[in-house]
Structure formats: C-alpha cells, structure tokens
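The lines below spell out each chain.
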Amino acid sequence: MAVPAGAALALLLCVLSCYAPALSSAAAGDFLRCLSASVPSQLLLTPASPSFTSVLASSIRNPRFFTPGTMRPLCIVAAANASHVQAAVLCGRRHGVRLRVRSGGHDYEGLSYRSVRPEEFAVVDLAGLRFVRVDRAAATAWVDSGATVGELYYAAARADPQLAFPAGVCPTIGVGGHFSGGGIGMMMRKHGLSVDNVLDATLVDASGRILDRKAMGEDLFWAIRGGGGGSFGIVLSWKVRLVRVPLRVTAFTIQKTVAQGAIDAVTKWQTLAPALPDELTIRVVIQNQQARFQSLYLGTCDQLLPVMSSRFPELGMTRADCREMTWLQSVLYINSGSTGQPGEALLNRTTSLSTFTKNKSDYVKQAITRESWQKIFPWFNGPSAGLIILEPHGGQVSRIADGDTPYPHRSGVLYNIQHIAFWSGDGGTAATTWINGFYSFMGQFVTKNPRAAYVNYRDLDIGQNAVVGGVTSYDSGRVWGERYFGAANFKRLAITKGKMDPGDYFRNEQSVPPLVQTPKQVSHTSSRHENCCL
Ligand SMILES: Cc1cc2nc3c(=O)[nH]c(=O)nc-3n(C[C@H](O)[C@H](O)[C@H](O)COP(=O)(O)OP(=O)(O)OC[C@H]3O[C@@H](n4cnc5c(N)ncnc54)[C@H](O)[C@@H]3O)c2cc1C
Ligand SMILES: *[C@@H]1O[C@H](CO)[C@@H](O)[C@H](O)[C@H]1NC(C)=O
Ligand SMILES: *[C@@H]1O[C@H](CO)[C@@H](O)[C@H](O)[C@H]1NC(C)=O
Ligand SMILES: *[C@@H]1O[C@H](CO)[C@@H](O)[C@H](O)[C@H]1NC(C)=O
C-alpha cells in the first residue's frame, strides 16, 4: 500500500501535466484562440510552453502555493503593453474565463496566480510592464504596476537623491498589488501610506476600456487606492507624488532581551512611538526572547540623539548606534540588515522559494499592559514559535480621515501587528498550530467588533466569498471586508463595484462583492430635491 513520497509526487505531477488539456473546457480553447489573435505567441504561455513553469514561479514568494496540488492557470499572458491586458479582459469575458492579475506576486495567499476554488482561470502577468518615468522638476512619477517598489525607489533617487517614496520595506513587492492595498512603511508617519500619495492612475475596466482618473470618476479612483487588488479592474500605471528626504538619514537597530528590559521597553514603546516626531519611525520585531527596535530617522545623528535620550532613554541609544547613510541605502539596511550594498541591489527581483510562511494581522488602539506583555513573551519560546512585527502609526498616516481612502486604520490606531509563522520542509503543522493559538490568545488585546486586519497582509482564514446567483454575495463579503475596511468603507467599495462591474467579472476569494442598489433603495438614498428635478 505504501507508495514512496517521491513516486507519489511524480505520479501526481504526471496526472496534472498529462491530463490538464483534457480537463479544459471548450470555452478554454475558444479563449486561447481569441487571445492568440491579439497576443503574440511568445507572450502567451500554456502549460505546453517550455517556459510556462519558470514564468509562473518567477515571482512566487511562498512555496505553499507552488505544490503539485495548487490549481495552475490555463495560460499566462505575459503582457508587454496595454493592448495585451485589454485582450485578456475582452476574451475572458467573451468566453467566460476569469483572470488573476499579478504584479509582484507577493500576495500572502497567492491570489494573483492561484485559485482556491476549482475553476479555470488565466494569469495576466504584468512583470514586463514596469517602466518608471520620473518628472524631477514636478517631483512626480508615473510607475507601471509591474515595477517593484525597489525599482521605484531606485529611479526616484537616481533622478535626485533627495527624492523618495513612502512604501513597503521589502524591495521586491510589486507596485500593482501594494498600492491596491494601501502601502505601509518606514515613512508613513511623515508622508502617509503609498495610496495617500497617488495622484492619478490608468486602469483597464471590465469592458476592456482604459480609463484615467478623470474618466473613471472619483468613486473608482477612491476604491483602487486601498480597496484591495483584483476587484475593480487591472491598474496599468500610477502617478505618484514623490517626497523630499534629506541627503543623509540615520538608521539604527537596538536589540533588548527580556533580561535587558525588553518588556518594559515594548510597553513604553506602544504609546511613545506613535507620538514621536513624524521624522522618526521605530518599529519592533519580537522573536525568541528579544525585541529588536528597527528605526529610521529623516535627519542626522546629531539631531536624533537628544530626541532619543529625552523621549526613550530606556533604549540606551548612543552615537555608536547611529548609521548615517542615504535614504536609498537605508531601504537596503532596514530590509536586510547589511550596509554597503550598491543601490542596484534594489533592482534584484529574484525571490527565494525556500521558506513557507503564514501571516495574520491585527491593530492595537489601547496599549497592552506590562502584565499582559509578560504573558505574551513566553509564546516566543520553542522551535515552532514565529515572530511579530509592530508598525507604529500616528503622524501623517493618522491625520488622514478614515473615509478618505479605503484604509480605515487611522486616527486612534497605535500600531499594526503582523503575526508570522515560518517553517521549512514539513514543519507546517506545528508552525500553523502556533500562529492560530497565538492569534486567538491576542484577541483580548486588540481591536474588536470587528477585529481589524490589513488587506495587504491577506488572510483567507478571516473569511471567503460565497457566490449566490452568479455573483459574490454582499453578506459573505462583509465577514472579511468590514475587518479590512470598516463597515462604511466596505459598503462604499461594494456600491462602487456594483456600478463598475455588476456582473462580478473581477472576482476572487476575497474580492469586493457588487452591491447593486435597486430602484427602491436608490429613491430612499437620493434627496427629495433630486427627485423633484427628475
Ligand atoms: C516579503 C514581503 C514583505 C512585505 N512588506 C510589506 C510592507 O512593508 N508594507 C506593506 O504594506 N505590505 C507589505 N507586504 C505585503 C504587500 O504589500 C502585499 O502582498 C501586496 O499586495 C503585494 O503586491 P504585489 O504586486 O507584489 O502582489 P500580487 O500578488 O501581484 O498582487 C496582490 C493582489 O493584488 C492584485 N493585483 C496585482 N496587481 C494588480 C493590478 N495591477 N491591478 C489590480 N489588481 C492587482 C492581485 O490579483 C492580488 O489579488 C509584504 C509582502 C511580502 C511578501
Ligand atoms: C502592443 O503590442 C502589439 C503586438 O502584440 C503591437 O501590435 C502594438 O503596436 C503594441 N502597441 C503599442 C501601443 O505599443
Ligand atoms: C509574511 O511576512 C514576512 C515578513 O514581511 C514575509 O517575508 C513573508 O513572505 C510573509 N508571508 C507570506 C505568506 O507572504
Ligand atoms: C538577487 O537576490 C537573490 C535572492 O536573494 C540572491 O541569491 C542573488 O545573489 C541576488 N543577485 C544579485 C546579482 O545580487
């Protein structure tokens, strides 16, 4: 009975690759024929193409979603210009094949290249659409969705070393998905989220049209700046406002063990970090029995030292901790801990498929007591324990109103928590048991009703859509959607979706459902004055 694992794997691979074409429907064949009229054959990859697997794997970050059991796409459209994206939408709608759009491939649940439900789909890969055009005088840039944030940082600094952009820490994150979900990072306290700095965008809608901000209207432009990727269309390009940074910034990392006072320092950090000068961001990584304070100050060591000694003497920071460098180097330092890498390292898109991870997120509005931290720290003991990253809010990110963008975690938020479990080989059961237990333990300390979460730290455990009558039901979406966006923003997202894509073509396990207001509801919500005029 026992089949060696290797043989079972080989058999499974064979079943998948040998029978995949037979499983495809007639619609799939029509879809491919339709595409081949507009997309050159070298950009249209089917499982029979020699480069299919390597292109599919190229930006996958998580080996959990690259197993023989993962649903593979019918084909990959490696778009080289906007017309290929339009063709994918038009052919997909005509023949009933849905699309997954992938920019950087960093989605925590792999939704940009896999389907959890057994349905046929195609991937539109935007990695080839990654031009960055900086207007130095205006301090703006147009950046294509397929660029990484590292490519954007590099292009901005190359045009002018004092130009930068507030976005995530990891340079390989794709602009398309990252901006679609918000974009939190080391400069959000000074300059807000990525989406707070988006001025315009071009998008291919469900009819295959290309719309800019003016043509799409303010509701859709609002929705795409944080309402989550994959719901409203395919964003091709974004116009952003670049921000000014000093020629030299100061980074420092200070580690404290529990014996060295980590618990007191973290307890104080909770209300201190969101209230520090906007130029100073101190985030915390808690792992093993240590807290690592990773910091970026938009200024010199001389300016920083008095701030640290008066506000946070518990860290015991001295001049020896300061590392002055360009802002571009600080990105590499904070991401990898190494100094002296050339700026070009930000252009490296290679990802590694060695570590399996599962992440979840929370927000904290009320500081957790010292006694509670004493109960939290023991969770970070043992071989299956993961880590958490605490990202302070306050400053500019919290000055913007909750409804100004779909990202609602603004005023009153002290910090975001990212829970991370990781493993290699088959350590998955212990690691996921750890993260589930820890997440449930933390429930008492974090936001409630709903327990908030960050859409860019996507987590399918918090809910998945149900399809009723051919479209995603609003009620099934509310379960997870109100946690990511808050009730008011989620409703506005769903109404916008109902206007732009009522047939729910752009759909995945956590896409915004269309809420189509019936004439009765419309007359309720429109004012008496408008009714008179009609
Ligand atoms: C190592 C790592 C570090 C991270 N660090 C941070 C961080 O510091 N701050 C932070 O905020 N987040 C961070 N994230 C999360 C990251 O912001 C999200 O995973 C983001 O969605 C990734 O964008 P992407 O283009 O790489 O992903 P993809 O997997 O390509 O896309 C993500 C989602 O958006 C959709 N989508 C992609 N492109 C488009 C498009 N052009 N138009 C419409 N929809 C689209 C996809 O279909 C999918 O649903 C990190 C993730 C990883 C893996
Ligand atoms: C896009 O690519 C197609 C080839 O598939 C080409 O015919 C077309 O001219 C290109 N369009 C633009 C705007 O470059
Ligand atoms: C979880 O977060 C870590 C740190 O940002 C990241 O390296 C990892 O890829 C994330 N997990 C998933 C599933 O992407
Ligand atoms: C790019 O990154 C990968 C993975 O981190 C690494 O192995 C490789 O050496 C890097 N390549 C260059 C040219 O730096």
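Parameters and conventions
- Residues numbered from 1 in each chain as written.
- Chains lettered and ligands numbered in written order.
- Predicted model: local features only at pLDDT ≥ 70, side-chain atom pairs only at ≥ 80, totals over all residues.
- Heavy atoms only, no water.
- Helix = DSSP H or I, 4+ residues; strand = E, 2+ residues; numbered from the N terminus.
- Rg over C-alpha atoms; globule rule 2.2 N^0.38 Å.
- Buried < 20%, exposed > 50% of the residue type's maximum accessible area, 1.4 Å probe, protein only.
- Areas by Shrake-Rupley, 256 points an atom, 1.4 Å probe, with all protein chains shown as cover.
- Axes fitted to C-alpha atoms, helices over the stretch in contact; angles between N-to-C directions.
- Parallel < 35°, antiparallel > 145°, perpendicular 65-115°, else oblique.
- Left-handed = near helix turned anticlockwise from the far one by under 90°.
- Contact = heavy atoms within 4.5 Å.
- Nonpolar A, V, L, I, M, F, W, Y, C, P; charged D, E, K, R; others polar.
- Domains from an automatic or database assignment.
- Buried area = accessible area lost by both parts, 1.4 Å probe.
- Salt bridge = Lys/Arg side-chain N within 4 Å of Asp/Glu carboxyl O.
- Polar contact = N/O pair within 3.5 Å; in protein donor to acceptor, adjacent residues only side chain to side chain.
- Disulfide = S-S within 2.5 Å.
- UniProt positions renumbered as here; feature names shortened; annotations may be inferred.
- Near = heavy atom within 4 Å.
- Pairing = 2+ DSSP bridges.
- Phe/Tyr/Trp six-rings, centres within 6.5 Å; stacked < 30°, edge-to-face > 60°.
- Lys NZ or Arg CZ within 6 Å of the ring centre and 35° of its normal.

(A) The overall build of the protein chain, seen in detail. Within the protein chain, the regular secondary structure consists of 18 helices and 20 strands. Its C-alpha atoms give the protein chain a radius of gyration of 24 Å, within 12% of the compact-globule value 24 Å for 534 residues. With respect to the principal axes defined by its C-alpha atoms, the protein chain has extents near 75 × 70 × 45 Å. Counting every position in the protein chain, which comprises 534 residues, the buried fraction comes to 55%. Accessible surface, the protein chain as shown: approximately 21800 Å² in total, 55% of it carbon and sulfur.

(B) Molecular detail of the packing of helix α2 (residues 26-36) against helix α4 (residues 82-95). Two elements in contact, α2 and α4, have axes separated by 9 Å at closest approach and are oriented at 150 degrees. Viewed along their axes, α2 and α4 adopt a mutual orientation that is roughly antiparallel. In the packing of α2 onto α4, the handedness of the crossing is right-handed. Residues Ala27, Asp30, Phe31, Cys34 and Leu35 of α2 lie in contact with α4, whose contacting residues are Ala87, Ala88, Cys91, Gly92, Arg94 and His95. Among the residues making up the contact of α2 with α4, the classes are represented as 7 nonpolar, 2 polar and 2 charged.

(C) Up close: the packing of helix α5 (residues 149-159) against helix α11 (residues 327-336). Between α5 and α11, the shortest axis-to-axis distance is 10 Å and the interhelical angle comes to 155 degrees. In terms of orientation, α5 lies roughly antiparallel with respect to α11. Counted together, Tyr153, Tyr154 and Ala157 of α5 and Trp327, Leu328 and Val331 of α11 form the full contact between these two elements.

(D) Expanded view of the domain arrangement of the protein chain. Taken domain by domain, the protein chain holds domain 1 (5-125), domain 2 (132-244), domain 3 (249-324 + 354-457) and domain 4 (463-533). Of note, the centres of domain 2 and domain 3, computed from C-alpha atoms alone, are 25 Å apart. At the interface, 23 residues of domain 2 touch 33 residues of domain 3. Buried area between domain 2 and domain 3, both sides added, is near 2100 Å², and the carbon and sulfur share of it is 60%. When the area that domain 2 buries against domain 3 is broken down by residue, the three leading residues are Ile184, Met186 and Arg189, summing to 41%. In this assembly, domain 2 and domain 3 are joined by 2 salt bridges. Two residues, Arg410 and Asp196, come together in a salt bridge whose shortest N-O distance is 2.9 Å. The interface formed by domain 2 and domain 3 contains 16 residue pairs in polar contact (both at pLDDT 80 or more). Of all the secondary-structure elements, those providing two or more residues to the side of domain 2 that touches domain 3 are α6 (175-181), α7 (188-191) and α8 (213-224).

(E) Structural context of the state of the cysteines. Scanning all chains against the criterion turns up 2 disulfides. Two residues share a disulfide in this structure: Cys34 and Cys91, whose sulfurs sit 2.1 Å from each other. With the S-S dihedral at roughly -80 degrees, the linkage between Cys34 and Cys91 falls on the left-handed side. Placement of Cys34 in helix α2 and of Cys91 in helix α4 is noted, with a sequence separation of 57 residues between them. Residue Cys34 is classed as buried on the basis of its relative accessible area of 14%. On the basis of relative accessible area, Cys91 is assigned to the buried category, the value being 3%. Paired by a disulfide, Cys301 and Cys322 hold their sulfur atoms 2.1 Å apart. Handedness of the Cys301-Cys322 disulfide follows from its S-S torsion of about 80 degrees: it is right-handed. Taken together, the positions of Cys301 in helix α10 (residues 301-311) and Cys322 in the loop between α10 and β15 (323-325) put the pair 21 residues apart, joining distant regions of the chain.

(F) Just the UniProt feature "domain: FAD-binding PCMH-type" (unreviewed entry) in the protein chain, in detail. Here the UniProt feature "domain: FAD-binding PCMH-type" (unreviewed entry) sits at residues 69-245. Helix makes up 27% of residues 69-245 and strand 24%, whereas the separation of the span's terminal C-alpha atoms amounts to 47 Å.

(G) Structural detail: the pattern of salt bridges. For the structure on display, the rule yields 32 salt bridges. The closest approach of N and O atoms between Arg209 and Asp205, which form a salt bridge, is 2.6 Å. Residue Arg478 is joined to Glu482 by a salt bridge in which the shortest nitrogen-to-oxygen separation is 2.7 Å. Highlighted residues: Arg478 and Glu482, both in helix α15 (residues 474-485), separated by 4 residues, approximately one helical turn. Classification of Arg478 by relative accessible area gives partly exposed; the value is 36%. In this structure, a network of salt bridges that share partners links the residues Arg64, Glu109, Arg114, Lys358, Lys360, Asp459 and Asp461.

(H) Spotlight on the site of ligand 3. Contacts to ligand 3 come from Asn62, Tyr108, Thr357, Asn359, Gln418 and Ile420. Side-chain polar atom of Tyr108 to an oxygen atom of ligand 3: 3.4 Å apart, as the coordinates give it. Taking Asn359, its side chain carries an N or O atom lying 2.4 Å from an oxygen atom of ligand 3. Surface burial for ligand 3 is 74%, taken as the share of its 360 Å² of free accessible area covered by protein chains.

(I) Quick look at the sheet that holds strand β1 (residues 44-45). Pairing in this open sheet of 4 strands is mixed, and the strands run β1-β2-β4-β3 from one edge to the other. Both edges of this open sheet fall to β1 and β3 (98-102), since each of them pairs with a single strand only.

(J) Here's a closer look at the site of ligand 1. Surveying the vicinity of ligand 1 reveals 31 residues, the closest of which are Val101, Ser103, Ser112, Ile184 and Tyr454. Here Val101 contributes a backbone N or O atom positioned 2.6 Å from an oxygen atom of ligand 1. Contact between ligand 1 and Gly104: an oxygen atom at 2.9 Å from a main-chain N or O atom of the residue. Coverage of ligand 1 by the protein amounts to 93% of the 960 Å² it exposes when considered alone. For the shell around ligand 1, the leading source of residues is α6, giving 3 residues.

(K) View of α5. Summarising burial for α5: 9 of the 11 residues are buried, a large majority. On the buried face of α5, the contacting elements are β5 (132-135), β6 (140-144), β7 (163-164), α6 and α11.

(L) Focus on the packing of aromatic side chains. The tally for this structure, following the rule as stated, stands at 22 aromatic pairs. Each ring, one from Phe380 and one from Phe438, has its centre 5.2 Å from the other, and the planes form 70 degrees; the classification is edge-to-face. Here Phe380, found in the loop between α12 (370-376) and β17 (387-392), pairs with Phe438, found in helix α14 (residues 428-442); they are 58 residues apart in sequence, far enough to count as distant. Across the pair, Phe438 and Phe380 agree in class, each one buried. Measuring from ring centre to ring centre gives 5.6 Å for Phe441 and Phe445, while their planes differ by 75 degrees; the resulting arrangement is edge-to-face. Taking relative accessible area as the criterion, Phe445 reaches 15% and is therefore assigned buried. Aromatic rings pair up to connect Trp379, Phe380, Trp434, Phe438, Phe441 and Phe445 into one cluster. The side chain of Lys360 reaches across the aromatic face of Tyr439, ending 4.6 Å from its centre. Above the face of the Tyr439 ring, Arg451 is positioned so that its terminal group lies 3.5 Å from the ring centre.

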